[in-house]
Structures are given as structure tokens and as C-alpha cells.
Amino acid sequence: MVGSQMRTSGLRDLVVARGRANGLDAVGVAETSPFEHTRRDLEERKAAGLHADMQFTYRDPGRSTDPSRTLPGARSLVVGAVHYASRPAPSDPAPSGPAMGRVARYAVGNHDAVLRAALDAVSQDLRHRGFRTVVLADDNALVDRAAAHRSGLGWFGKSSNLLLPDRGSWFVLGAVLTDAVLEPSDGPVADGCGTCRRCIDGCPTGAIVGDGIVDARRCLSWLLQSPGTFPHEHREALGDRIYGCDDCQEVCPPNRRSDRRSDGGDEHTVGTAVGTSRMDVLWMLRAGDDELLAAVGRWYVPGRDPDHLRRNALLVLGNTADPAASATLDALRAYLRHPDGVLAGHAAWAALRMGRPSLLDEPGVDDRPEVLAERQRGTVARPGTPVT
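The rules behind these values
Within any chain, residue numbers begin from 1 and follow the written order of that chain's sequence. The predicted origin of the model limits local features to residues at a pLDDT of at least 70 and limits the giving and counting of side-chain atom pairs to 80 or more, whereas totals for whole chains, interfaces and linings rest on all residues. Derived side-chain values reflect all non-hydrogen atoms in the structure, with water molecules and hydrogen atoms excluded from consideration. Burial classification: accessible surface area is computed with a 1.4 Å probe over protein chains only, and a residue below 20% of its type maximum counts as buried, one above 50% as exposed, and the rest as partly exposed. Strands are runs of DSSP state E lasting at least 2 residues, helices are runs of H or I lasting at least 4, and numbering of each runs from the N terminus. By definition, two strands form a pair when at least two bridges between them are found by DSSP. We define the nonpolar core as a collection of buried residues of types Ala, Val, Leu, Ile, Met, Phe, Trp, Tyr and Cys that are connected through side-chain atoms lying within 4.5 Å of one another. In what follows, residue pairs with any heavy atoms lying within 4.5 Å of each other are defined as contacts. Here the aromatic set is Phe, Tyr and Trp, taking the six-membered ring for Trp, and pairing holds for ring centres within 6.5 Å; pairs whose planes are under 30 degrees apart are stacked, those over 60 apart are edge-to-face, and all others are tilted.

Draft legend 1. Highlighting the pairing of strand β2 (residues 76-83). A large share of β2 lies buried, amounting to eight of its eight residues. Neither face of β2 is left uncovered, since the one carrying Ser76, Val78, Gly80 and Val82 and the one carrying Leu77, Val79, Ala81 and His83 both have all their residues buried. Relative to β2, strand β1 (residues 26-31) runs antiparallel, the two sharing six bridges. The residue of β2 that forms the bridge with Gly28 is Val79.

Draft legend 2. Representation of the nonpolar core. Core analysis: the largest hydrophobic core is formed by 47 residues, its most contacted members being Ile242, Trp299 and Leu317. Among the secondary structure elements, those contributing two or more residues to this core are α7 (220-223), β10 (241-243), α11 (281-286), α12 (289-296), α13 (306-320), α14 (326-336) and α15 (341-353). Ranked by the residues each element gives to this core, the list is headed by α15, at seven residues. Those residues in contact with Trp299 that sit more than four places away from it in its chain are Val103, Ala107, Ile242, Tyr243, Met279, Arg304 and Leu309.

Draft legend 3. Up close: the packing of aromatic side chains. Inspection of every chain in the model, using the stated rule, returns three aromatic pairs. On the basis of an interplanar angle of 45 degrees and a centroid distance of 6.1 Å, the ring pair of Tyr106 and Tyr243 is categorised as tilted. Residue Tyr106 is found in the loop between β3 (100-103) and α4 (111-128), and its partner Tyr243 is found in strand β10; the two are separated by 137 residues along the sequence. Judged by relative accessible area, Tyr106 falls into the partly exposed class, the value being 30%.

As C-alpha cells, this is what we get:
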């Protein structure tokens with residue numbers, strides 16, 4: 001039989017083997033009925049404002065939870081997971097320089113390229129057999145964690161991440177949607193968190209407000225991607241993070257066990273360059289637009305606006321840089337006079353955080369509305385920092 005009438009465990013085994021042979025670390029198969037529970041969760045959280053200004057799968061919950069909206073007649077999802085480096089590789093140098101921004105692990109290397117190539121191979125096999133397919137990787141047409149859960153790859157942790165048994169959550173997920181009728185994998189994995197709440201307690205801003213519920217308005221990973229002014233109440237908690245936040249995953253026991261088993265290397269570090277787990281924020285503030293965007297590669301940057309990256313760099317500068325270093329003071333003086341008021345305001349906060357309020361009194365700075373607003377907020381200098 002051909003087309004959508006074909007249903008054999010042999011075909012399922014073939015596509016699973018094809019996915020593994022092309023780089024998937026885990027593969028599962030699920031049927032394609034709408035993810036009704038996930039849709040309700042998205043709609044309720046959106047109504048409560050927990051999504052902040054995030055769009056992605058929140059944009060149209062009806063679409064992102066109903067595979068048939070993407071491929072009419074869809075019958076199966078082949079879901080794949082690719083592991084990414086569970087800790088910095090040995091070649092990654094130790095942090096150095098006056099202020100180095102920390103990059104989340106998933107953003108070190110292009111693991112999505114491995115995922116997409118493997119899913120493309122599965123898709124090609126199915127197409128050669130007469131089936132229709134759509135590859136979904138980092139795509140707002142599918143809540144990939146829900147598909148991975150249904151396919152038996154893992155369970156939902158209290159952090160809202162999907163955890164694979166004995167392997168944790170250091171994975172990127174994607175799927176091939178097809179009209180082939182494939183035998184589903186065994187059902188969802190039982191909860192493995194039990195009474196553990198380390199991710200909830202370990203979140204620096206208290207963003208995990210319930211089991212599996214994240215308030216994006218407090219989540220540092222999202223706030224680093226959200227445009228506009230970074231919320232003042234979370235600036236100190238940001239610390240040295242320049243892109244993403246791994247805290248809820250790093251304290252997770254399955255991930256800690258995975259880290260201990262890892263030697264720091266990973267076969268999927270495509271595109272990894274020495275130093276990409278840290279970024280020199282002073283360099284980011286000096287670099288030209290094209291140079292800066294090229295350096296961050298596939299990071300999500302709203303509107304591909306390099307000033308968004310500079311906004312974040314100024315916060316890391318304020319939290320970590322040497323207040324006495326001439327390069328730091330030069331950068332602050334330049335950005336206090338920057339024509340973009342958002343950047344000038346973040347520079348004023350950084351100066352106050354480093355105990356340098358005198359920089360706000362200099363000509364060309366002291367009468368700027370953004371600077372005056374920051375001064376009135378009364379930002380407190382870092383502990384032990386002399387105020388000048």
C-alpha cells in the first residue's frame with residue numbers, strides 16, 4: 001500500500017533509524033490529534049499576561065497545537081532531539097578581560113543545523129515513498145515540547161523544559177509532520193521530578209510561578225530578547241548573562257548527572273568557535289553594527305537591531321566591570337552621550353551601579369531626561385564599590 005494508507009511498524013523503524021543515523025540522539029513517533037491541553041495552557045497563560053510580549057507559539061495557539069493546520073491530512077509526527085554541549089568544551093578559554101558576558105549553552109554552536117539536517121533526511125525518505133511531509137524545527141507552527149512528550153521522549157519538568165530519562169533537558173527539539181500512518185511509540189514518560197523543586201528555588205528572579213509555569217515577565221532568558229527598556233527590578237539579578245539563562249537547568253539533578261558523565265566535548269558543536277560561551281562586552285560596545293551581528297550569529301535579536309545587544313552589554317558592564325578601568329569609563333562616557341535615549345538610560349544605570357555618579361554630572365549628560373530619570377531612581381552601587 002502507498003500514501004497515507006500505509007501503516008507498518010517496519011516503516012516507523014526505518015524513519016527512526018534514518019533519524020539516528022543522521023544525528024538525532026532520540027526519536028519518537030506520535031499521532032497528530034490536536035494538543036488540546038497545551039492549547040488551553042497557552043490561552044490561559046496568555047490571558048494572564050504570563051507570555052509578556054512573546055509571540056512564537058502564543059501568537060496563534062489554535063495553529064501551534066493542531067498539526068492539521070500546517071499539513072491537512074497529517075497522521076504522524078516523527079519527533080527528534082539533539083543533545084547540545086552540557087558544559088563548555090575544554091578548548092573554551094576561562095573568562096578573562098574586564099567584563100565578559102555569559103552565553104547560555106544552547107547558543108554555543110549551531111545545534112539546530114544538526115537537528116534540521118537529520119529531520120530533512122527523515123522527510124526525504126518519506127517523500128520518496130510517496131508521503132507528504134513538513135519539517136518543523138524552531139517553528140511557531142508546533143509546540144515541540146508537547147509533541148516530544150506525546151512521542152514518549154520525556155516528561156515535563158517543573159521548569160517547563162522537557163526532560164529525557166537519564167539525560168536531562170540539554171536538547172533541541174523538532175519534528176517531521178507527515179500523512180504517513182506510523183505506529184506510535186510507547187506513551188508519555190512518567191513524571192520524574194517527584195518532590196524536587198530545585199529549578200523553582202534556583203531561578204534568580206522567581207520566574208517559575210508553578211509546576212511547569214514560567215512568567216516570561218520575570219524570565220531573564222526572555223527579558224534579554226525582549227525589546228525596549230530592560231526592567232529595573234531584574235537588572236541586578238541579570239549579573240553577567242548576555243544571552244540566555246541556564247540556572248533552572250543547571251540545578252536540575254538529571255542535568256547535573258548528565259554533566260558529570262560528559263567530558264565537556266560534544267559531537268554536535270557545529271559552528272562553535274573558541275570563546276563563544278563568553279562575550280567581551282566592551283568589545284560589543286565598540287564594534288560596528290555588521291561586525292556585532294556577525295559575531296552573535298543566529299542569536300535572536302529583535303529586528304536584528306545591534307543596539308538591542310548593546311543595551312544588554314551595558315547592563316553586564318554595570319554588574320561586572322572594573323569601575324576604575326579607563327576602557328570602562330570611556331565606554332560609559334560614550335554611551336551617556338549616545339543619541340539613542342534607551343542606551344543613554346542604560347548607561348546611566350551602569351554608571352550608578354559601578355559607583356560613578358559623577359559621570360552623570362558631565363556637560364552634555366547632566367540634562368538628558370533619561371539620565372535624570374535614572375538618577376531619581378536611586379540605583380545603589382555594587383556592594384564594596386567606592387562611590388565617586
